[in-house]
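Letter by letter, the chains look like this.
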Amino acid sequence: MAWHFRRVIAEQVARVLGLPSERVAHCIRTVPVHRKHESPDFQLFMTSLGDPIDTSINHEERAQQLAGKLVCDSVISDIGTARASVTFKINRDLLTRTVLQQISKDGSIYGLNTELFSGLSGRKTVVEYSSPNIAKKFHVGHLRSTIIGNFIANLKQAVGNEVIRINYLGDWGLQFGLLGAGFSKFGSEEELVVNPLQHLFEVYVKVNTAAEEDKDIKLSAQEFLRRLEGGDPHALSLWMHFRDLSIQEYAKVYKRLGAHFDDYSGESFYKEKSQEVLKQLESNGLLQKTDKGTGVVDLSEEGNLSSYSTVMRSDGTSLYITRDVAAALDRLERYSFDEMIYVTDKSQKNHFQQLFKILKILGKDQADRFQHVPFGLVKGMKTRRASKQLEDPSDTAEKIGIAALIVQDFKGQLLSDYHFDWDQALQSTGDTGVFLQYTHARLHSLQALWCSRDTDDIDIASLREPCVIATLQHLLRYDEVIYKCLEDLQPRYLVTYLMSLGHLANVAHRALHVKRSSSEAAHARLFFFNNVRMVLSSGMKLLGISPVNNM
Ligand code: ARG
């Protein structure tokens, strides 16, 4: 498949230019499919080969010179140039056979196991995402973090990394003091069991309002938190009860979204460890006390506190960032990962920059293994409407709804804000998740006509139509698209790719009859469609979509 062809082309080019063929292979790219005319399959940009020895000629001339020295063979059927690149066309029979056989052999790992990923696999990656706060709202930012984090984890895993998925629950803090103090007044054990998230939130809102007017409630909330922090068994068991019920509830939401976690260690897990962090900072002379009694870490280059991070309250307790430092240190030790990725909305950008800087100041040279993937705000989406929209007894309808949500969310650059529109997201035509599901279901329905036979017996040569060639060329590009997604952790390349694959498949479906064709041709076509469906399905799954078989 793609890599096999790249290697054959690279060997010849390498011989002519006297370069290592491995390096050349990495510079060869597939060519985007053209709507109107047949494009070549591969392209080598002269600029990607580095600076020429003879700088008196430009890249266009270099391309022409190189093309003039290359010859067609049993694999390459045509060589040309396009501006500063040399273009290659692969023998049509070979292209068809190789791509289709490779897909049917590799199945769901097609395009994910090529040499293109040699430097990007075999590593250990921790991805932290979703991380809602118990008793507070699971808002659209958490929803976004869930689907984006899930995509990144899927992607990293698909190309051969060991991935650990963490949900850093906001399961500590004053809200538990309020809940603990207010539950006996406003809570109901029955309602808690029926709908824990909703009920805890209601109680939280009620005590919060009551605490604003009633000093005693505020005091008893603080008192409850102190008891919690002090390890009072009664307070802890109530906290644990709220936490367990909430996690069970979240797990249901995650299941519907196709997300899962290996670990739910949240902020509560790090409350003691963050005291150790404060000690460590102090003993290294990095903790400075302010007039107000708080503790800060100087982050400025000049050492004049022109930028700093507050890591300790005046009563000695830790803050959000302190717990994050503790969590980062603990994860480094526990997982000894190669990379750790945090997925949150962009408002926390500064927080993570500070976190990484503190790790560096603490002398952790692994600080550069940490990365924050920020995303923009979503306007116009109420999570309640989202769950209403998805509240359908049928499994298929739910999968379609989630596909709609994911595609709408993944279409643009993650960092951009966007306006969510259900009516648009749920259209069956246009670039929507519904369109992808619809295309998948159509391709799947063809399989009823298929009786499996040895792939060697399939009349590959009968697959010559331009719509087939265009689709095969597109299938050839799959690994490069995945590579791009990995490079900057953005799903939009894959979304665009799958939309084009869907359109190509639909054009081919209209043009190539199966029922009215001879048995040989029908079989070849069914084989082709099944391979298209497999790649579509594998790409959709990476995005976090479960493909449906009928609609
Ligand atoms: N619980 C936080 C929130 O809802 C997000 C946590 C992000 N992760 C972290 N390590 N700080 O805003």
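If you're wondering where the values come from, they're calculated on a predicted model, not measured in any experiment.

Cut-off values and rules
- Residues numbered from 1 in each chain as written.
- Predicted model: local features only at pLDDT ≥ 70, side-chain atom pairs only at ≥ 80, totals over all residues.
- Heavy atoms only, no water.
- Core = buried A, V, L, I, M, F, W, Y, C linked by side-chain atoms within 4.5 Å.
- Buried < 20%, exposed > 50% of the residue type's maximum accessible area, 1.4 Å probe, protein only.
- Helix = DSSP H or I, 4+ residues; strand = E, 2+ residues; numbered from the N terminus.
- Domains from an automatic or database assignment.
- Contact = heavy atoms within 4.5 Å.
- Near = heavy atom within 4 Å.
- Polar contact = N/O pair within 3.5 Å; in protein donor to acceptor, adjacent residues only side chain to side chain.
- Nonpolar A, V, L, I, M, F, W, Y, C, P; charged D, E, K, R; others polar.
- Pairing = 2+ DSSP bridges.
- Buried area = accessible area lost by both parts, 1.4 Å probe.
- Salt bridge = Lys/Arg side-chain N within 4 Å of Asp/Glu carboxyl O.
- Expected span 1.5 Å × (residues − 1).
- Axes fitted to C-alpha atoms, helices over the stretch in contact; angles between N-to-C directions.
- Parallel < 35°, antiparallel > 145°, perpendicular 65-115°, else oblique.
- Left-handed = near helix turned anticlockwise from the far one by under 90°.
- Phe/Tyr/Trp six-rings, centres within 6.5 Å; stacked < 30°, edge-to-face > 60°.
- Right-handed = clockwise from strand over helix to strand, strands pointing away.
- Patch = residues over 30% accessible without salt bridge, like charges linked within 9 Å, V, L, I, M, F, W, Y side chains within 5 Å.
- Areas by Shrake-Rupley, 256 points an atom, 1.4 Å probe, with all protein chains shown as cover.
- Lys, Arg positive; Asp, Glu negative; His and termini not counted.
- Charge placed at Lys NZ, Arg CZ, Asp CG, Glu CD.

Visitor: Now, about the nonpolar core: what can you tell me, with residues and values included?
Guide: Burial of nonpolar side chains together is a common tendency in soluble globular proteins. If you look at the biggest cluster of nonpolar residues, it comprises 142 residues, and the most contacted ones within it are Phe-88, Leu-475, Ile-482, Leu-494 and Phe-528. Counting residues per element, this core draws most heavily on helix H21 (residues 519–543), at 13 residues. The residue makeup of this core includes at least three contributed by each of domain 1 (2–90) and domain 2 (394–401 + 415–543). In this structure, Ile-482 is in contact with Leu-112, Phe-117, Leu-155, Val-159, Leu-494 and Leu-542, ignoring residues within four places of it in sequence. Counting 32 residues, the second largest nonpolar core, distinct from the first, contains Ile-164, Val-297, Ala-326 and Phe-370.

Visitor: Outline the site of the ligand, supporting the account with residue identities and numerical values.
Guide: Surrounding the ligand, one finds Glu-128, Ser-131, Asn-133, His-142, Tyr-168, Tyr-320, Asp-324, Tyr-342, Thr-344, Gln-348, His-351 and Phe-352. Taking His-142, its side chain carries an N or O atom lying 2.7 Å from an oxygen atom of the ligand. Contact between the ligand and Tyr-320: a nitrogen atom at 2.7 Å from a side-chain N or O atom of the residue. Contributing elements (two or more residues each) for the shell around the ligand: helix H12 (320–335), strand S10 (339–345) and helix H13 (349–361). Taken together, the residues that form the shell around the ligand break down as four nonpolar, six polar and two charged.

Visitor: Report on the side chain of Ser-130, specifying residues and quantitative values.
Guide: Assignment of secondary structure puts Ser-130 in the loop between strand S5 (124–128) and helix H5 (140–158). A distance of 2.8 Å separates the side chain of Ser-130 from the side chain of Thr-146, its partner in a polar contact. Dropping the residues within four chain positions of it, Ser-130 is found in contact with Phe-138, His-142, Ser-145, Thr-146, Asn-167, Tyr-254 and Phe-261.

Visitor: How would you explain the sheet that holds strand S9 (residues 308–312) if you had to name every residue and give the values?
Guide: Sheet strands pair by backbone hydrogen bonding; their relative direction is either parallel or antiparallel. Strand order in the open sheet formed by three strands is S7-S8-S9, and the pairing between neighbours is antiparallel. Every interior strand has two partners, whereas the edge strands, strand S7 (288–289) and S9, have only one. Of the pairings in the sheet, the one linking strand S8 (residues 295–298) to S9 comprises four bridges and is antiparallel in character. Across the sheet, the residue bridging to Gly-295 is Met-312, located in S9.

Visitor: Which residues make up the domain arrangement of the protein chain, and what are the values?
Guide: In many analyses, interface size is given as the accessible surface area lost on bringing the parts together. Taken as a whole, the protein chain is organised into domain 1 (2–90) and domain 2 (394–401 + 415–543). Taken over C-alpha atoms, the centre of domain 1 sits 29 Å from the centre of domain 2. Contacts between domain 1 and domain 2 engage 14 residues on the former and eight residues on the latter. Summed over both partners, the interface of domain 1 with domain 2 comes to about 900 Å²; 51% of that surface belongs to carbon and sulfur atoms. Here domain 1 is connected to domain 2 by two salt bridges.

Visitor: Describe helix H20 (residues 492–511), naming the residues involved and giving the relevant values.
Guide: One turn of the α-helix equals 3.6 residues, which is why residues spaced by three or four share an orientation. For H20, spanning 20 residues, the distance from its first C-alpha to its last is 29 Å, which sits close to the expected 28 Å at 1.5 Å a residue. For H20, the complete set of buried residues consists of Tyr-493, Leu-494, Val-495, Tyr-497, Leu-498, Met-499, Leu-501, Gly-502, Leu-504, Ala-505, Asn-506 and Ala-508. Taken together, the buried residues of H20 touch H5, helix H15 (395–410), helix H17 (433–446), helix H18 (466–476), helix H19 (478–488) and H21.

Visitor: Explain the packing of H18 against H20 to me, and be specific about the residues and the numbers.
Guide: Remark: H18 packs on H20, axes separated minimally by 9 Å, with the N-to-C direction vectors making an angle of 160°. The orientation of H18 relative to H20 falls into the category roughly antiparallel. For the element pair H18 and H20, the recorded crossing hand is left-handed. Residues Cys-467, Ala-470, Thr-471, His-474 and Leu-475 of H18 pack against Tyr-497, Ser-500, Leu-501, Leu-504, Val-507, Ala-508 and Ala-511 of H20.

Visitor: Mind laying out the packing of aromatic side chains, listing which residues take part and the relevant values?
Guide: Here the structure, examined in full by the defined rule, presents 25 aromatic pairs. Between Tyr-110 and Tyr-478, the ring centres sit 6.2 Å apart and the planes meet at 5°, which makes this aromatic pair stacked. Of this pair, Tyr-110 sits in the loop between helix H4 (92–106) and S5 while Tyr-478 sits in helix H19, and the two are 368 residues apart along the sequence. Overall, the relative accessible area of 0% leaves Tyr-478 in the buried class. Where Tyr-342 meets Phe-356, the ring centres are 6.0 Å apart and the plane angle is 35°; that geometry is what we call tilted.

Visitor: How would you summarise the pattern of salt bridges if you had to cite specific residues and measurements?
Guide: Applying the stated criterion across every chain yields a total of 23 salt bridges. Between Asp-417 and Lys-346 there is a salt bridge, and its shortest N-O distance comes to 2.9 Å. In this pair, Asp-417 sits in the loop between H15 and strand S13 (418–419) while Lys-346 sits in the loop between S10 and H13, placing the two residues 71 residues apart along the sequence. Residues participating in the shared-partner salt-bridge network are Glu-38, Asp-41, Lys-89 and Arg-92.

Visitor: I'd like a rundown of the pairing of S5, residues and numbers included.
Guide: Counting buried positions along S5 yields four of five residues, so the element is predominantly enclosed. Across five bridges, S5 lies against strand S6 (residues 162–166) in parallel orientation. Among the inter-strand pairings, Val-126 is bridged to a residue of S6, identified as Ile-164. Once the chain exits S5 it traverses H5 before rejoining the sheet at S6, and the crossover so formed is right-handed. Sheet topology note: the S5/S10 ladder contains four bridges and is parallel. Looking across to S10, one finds that Val-126 is bridged to Met-340.

Visitor: Run through the environment of His-260, naming residues and quoting values.
Guide: Take His-260: it is sitting in the loop between helix H10 (233–257) and helix H11 (271–283). Take His-260: its relative accessible area is 44%, and that puts it in the partly exposed class. Measuring from C-alpha to C-alpha, the distance between His-260 and Leu-463 comes to 41 Å, with 203 residues separating the pair along the chain. In this structure His-260 touches Tyr-129, Asn-150 and Arg-165, once residues within four positions along its chain are discounted.

Visitor: Tell me about a negative patch on the surface, residues and numbers included.
Guide: A cluster of acidic residues, Glu-189, Glu-190, Glu-191 and Glu-202, forms a negative patch at the surface. Ranked by residues supplied to the negative patch, first place goes to helix H7 (residues 189–194) with three residues. Within the secondary structure, Glu-190 sits in helix H7. For Glu-190, a relative accessible area of 61% gives the class exposed.

Visitor: Break down helix H1 (residues 2–17) for me, with residues and values.
Guide: With 16 residues, H1 should cover 22 Å at 1.5 Å per step; its first-to-last C-alpha distance of 22 Å lies within 8% of that length. Gly-18 occupies a position one or two residues after H1 and carries a positive phi of about 65°.

Visitor: Residue-level account of the sheet that holds strand S1 (residues 28–30), with values.
Guide: Strand order in the open sheet formed by four strands is S1-S2-S4-S3, with antiparallel pairing between adjacent strands. Among the strands making up the open sheet, the edge pair consists of S1 and strand S3 (76–82). For this sheet, the mean inter-axis angle between neighbouring strands, taken without regard to orientation, is 30°. Relative to strand S4 (residues 85–90), S3 runs antiparallel, the two sharing six bridges. Bridge pairing in S4 places Ile-76 opposite Ile-90.

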